[in-house]
Amino acid sequence: MSTATTTMEFGDTLARTAEMAPQLDVGEKLVLNIGPSHPSTHGVLRLVLELDGEVITKADTDVGYLHRGDEKIAENMTWNQFVPYTDRLDYLAPLANNVAYTCAVEKLMGYDLPPRAKVTRVICCELARISAHLLGLGAFAMDVGAMTMFLYTFTEREKIYNLIELLTGARFTTSFTRVGGQTRDLPPGFLDGVKEFSEQFMGKLDEFGKMLNRNRIFVDRTKDIGVISSTAALDFGLTGPNLRGSGNDYDVRKYFPYLGYETYDFEVPVGQTGDCYDRFAVRMEEMRQSVKILLQAVAKMPGGPWMVSDPKSILPPKDKVLTKMEELIHQFIVVTQGPDAPPGEVYFGAENPKGELGFYLNSRGGGVPHRLKIRAPSFCNLGILNTLLPGHTVSDVPAILGSIDFVMGECDR
Amino acid sequence: MSEAAADSSADLVAAVKILPEFRGETSWEVPKERLVELMTALKKEGMTYLVDITAVDNQGEDPRFEVVYELCDLSSRKHLRVKTRAAEGEPVPSVCSVWKGADWHEREAWDMVGVKFSGHPDLRRILMWDGYPHHPLRKDFPLEGLPTEMPDIAFTAKAPLEGGPFVTSPAPFSHEREPRAHPAEERSL
Amino acid sequence: MAGTITGAMGYNSKVEGNIVLTTLDAAVNWMRKNSLWPMPMGLACCAIELMASASSRFDIARFGAEVMRFSPRQSDLMIVAGTVTYKMALATKRIWDQMAEPKWCIAMGACASTGGMYRSYAVLQGIDHLVPVDVYVSGCPPRPEAVLEALMTLQDKIARSRGVVLNQKQAA
């Protein structure tokens, strides 16, 4: 093996730790338990760290403190009834979860959405992405000592909440989509609101960038900390900004376009070193791209229907249910027995703020899934912690956790 | 390629059963003895990204469990699903040696459905607590749970959603007729 | 006010107008209710609404409860925000036990109050199986206004509590 290859191989923390391991194996070890209730674990993650002085020599990540049995519950209800549970997976971006789930069911049913529904869903996904990244950003900055950021980002999130409330009636448990479309059409004034928000948001983003990009404390605590190499990231199945921060440009919206994402003009930001700072920078840039997509979507919003028309399986419009016999019967059957899905199995992955949220649906026919597996991006992203943390000091832990930006509701399901 | 290797790869291809395509998705089925061999070959072919591992309980069928691997080739932008079957108590070989990310997925499959993975470095429960006696995603496990060693807090009672979806049943009074979830045993009456 | 008192030796009729007479209960309760230090037991989705109520728009500081302390020993109000699973239940109970008296508890949202939409094998059906709850907040998740309403309800409850002196005698 030539020398050059060796330097390349030890470029990332994982390899460096492995090399350092014999040196770390001296002295007395301290076992430190962090969580499940700790401010820097963003929920109920538990870490058991073995320390040699300040340096972590071994990490054991314990998840499952928010395991609520979503997959079991799904087997006991109809396809549409499960939509509210998807809200509570990644509770920072419920709209995007709704969209991913119903797209998966629609793939199983073999539906093609009308254009208006597709563009509406794109707006939903991108609003959710901005909102989730904002919270991730605020919490990350707070973890490394910048409290103000959190208040700034929440102000922007409240503006998004207002829009979502206008659209769905709830601040974040939206349950907006149904198999074959949405619960309702866009309310008047919504598109103008999105446009207005997008236009002012770019300026705010610049402001946020200025607060952190050149902040010595922030940069010192994130640069070259938690370096994940591109191959390691892919091997562990990382997705979303965590994978892209490591220099891999995999984005489901580009690789396997859905909802007409191929017709939008946007770029996929990619990091270089794969450290905490790169992941932060990727998220900042992704928000800019989301705003770009939002403006395009608002400009091209087509008219026409916003539900697939398939009376046997899709909820008919309410005004017809109240006046027509046929629709009333169909509505009763669809609500009580669920939309009749064909037997078969599909996997559908969508690019959510945290990464690729996938649904594996196994149907035996009828209105109830035989097995519904949620491929949660946070779960896969956290899998790397056991190998990533050793070699870092305890003070790096909040920065690494904040930059991985996980949601336990989704991780544990 | 040596003759033995060519032989073994031809043999491997023969062992793979290609399932009918559904919604544009390709699925292969492979006997579990050849799983690791096939996965290693697939990774070499470009399937570098292991998307997900799912265990399915097909109670009443033989063999009972099905383990589903969702793979993705990022350069040619293709998905592939590989399935293998295992009876109760039979271990499936672990693919941790192929993808590191398989570690947690296999732990979850063991925790939730109770499929054992042979050769897994650290097969512990991941979502439920250590020492939990059941595998919740098995079909014979009720939604409301079964008694455990935490009797004070982990009690069981009838779950309102058990046996869903919401169904109507003929009854003289409207409050009994209205659609609601009925427990499975009540529905079969 | 304090300056006048320290400056005076013996009886001074001028002091009288600056003294407020009240019961010890009322004074202690007034202090307690206006400086609640919450322990945000953020478990799930509700924690996001709890963060929203603490941040710029809703600003829980208006009610004197902005000092979120993640150490149970420094806080006197536990806000259980989110689904309590069996795996988490004993940890929650332990944190509650570590809090110093007097302490109060708000069960925020449907999951913490009753288990909510999660009637499954993994979810505790209401935190009140483990911890005495003072105020239940409905909603899934409750809006920040509802959290503030709950806080005000709890403040009323604290204001009405009696027997500070009595309790201390019993404790001694």
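Rules and cut-offs
Residues numbered from 1 in each chain as written. Chains lettered and ligands numbered in written order. Predicted model: local features only at pLDDT ≥ 70, side-chain atom pairs only at ≥ 80, totals over all residues. Heavy atoms only, no water. Pairing = 2+ DSSP bridges. Helix = DSSP H or I, 4+ residues; strand = E, 2+ residues; numbered from the N terminus. Axes fitted to C-alpha atoms, helices over the stretch in contact; angles between N-to-C directions. Contact = heavy atoms within 4.5 Å. Buried area = accessible area lost by both parts, 1.4 Å probe. Salt bridge = Lys/Arg side-chain N within 4 Å of Asp/Glu carboxyl O. Buried < 20%, exposed > 50% of the residue type's maximum accessible area, 1.4 Å probe, protein only.

Caption draft 1: Main features of the sheet that holds strand β2 (residues 77–81) of chain C. All names here are of chain C. Read from one edge to the other, the open sheet built from four strands follows the order β1-β2-β3-β4, with strand pairing classed as parallel. Of all the strands in the sheet, the pair left with one neighbour each is β1 (38–42) and β4 (135–137). This sheet shows a mean twist of 15° between the axes of neighbouring strands, independent of strand direction. With three bridges connecting them, strand β3 (residues 104–108) and β4 associate as parallel partners. The partner of Ala-107 across the bridge, within β4, is Tyr-136. Those strands touched by helix α3 (residues 46–54) are β1, β2 and β3, and its axis lies near 130° from that of β2.

Caption draft 2: Layout of the interface of chain B and chain A. Every contact between the two is made by 55 residues of chain B and, on the other side, 55 residues of chain A. The junction of chain B with chain A conceals about 4,500 Å² of combined surface from both sides, 56% of it contributed by carbon and sulfur atoms. For the pair chain B and chain A, the number of links is nine salt bridges. A salt bridge links Glu-108 of chain B to Lys-373 of chain A; the shortest N-O distance between them is 3.7 Å.

Caption draft 3: Spatial organisation of the sheet that holds strand β1 (residues 30–34) of chain A. Residue and element names in this part refer to chain A. Taken together, three strands build an open sheet; the order of strands is β1-β2-β3 and the sheet is antiparallel. Edge positions in the open sheet fall to β1 and β3 (55–62), since each of these has one partner strand only. Sheet twist, expressed as the average angle between the axes of neighbouring strands with direction ignored, equals 20°. Summarising the sheet, β1 and strand β2 (residues 46–52) pair through five bridges and their orientation is antiparallel. In the sheet register, Leu-32 faces β2, and the bridge partner there is Leu-49.

Caption draft 4: The arrangement of the pairing of strand β2 (residues 25–29) of chain B in detail. Residue and element names in this part refer to chain B. Burial along β2 is one-sided: the face carrying Glu-25, Ser-27 and Glu-29 is buried and the face carrying Thr-26 and Trp-28 is not. Relative to β2, strand β1 (residues 17–22) is paired through four bridges, and the arrangement is antiparallel. From the neighbouring strand, Phe-22 faces β2, where its bridge partner is Glu-25. Connecting the antiparallel pair β1 and β2 is a turn made up of two residues, with Arg-23 showing a positive phi of about 50°. Bridge analysis of β2 against strand β5 (residues 78–86) gives three bridges, and the strand direction is parallel.

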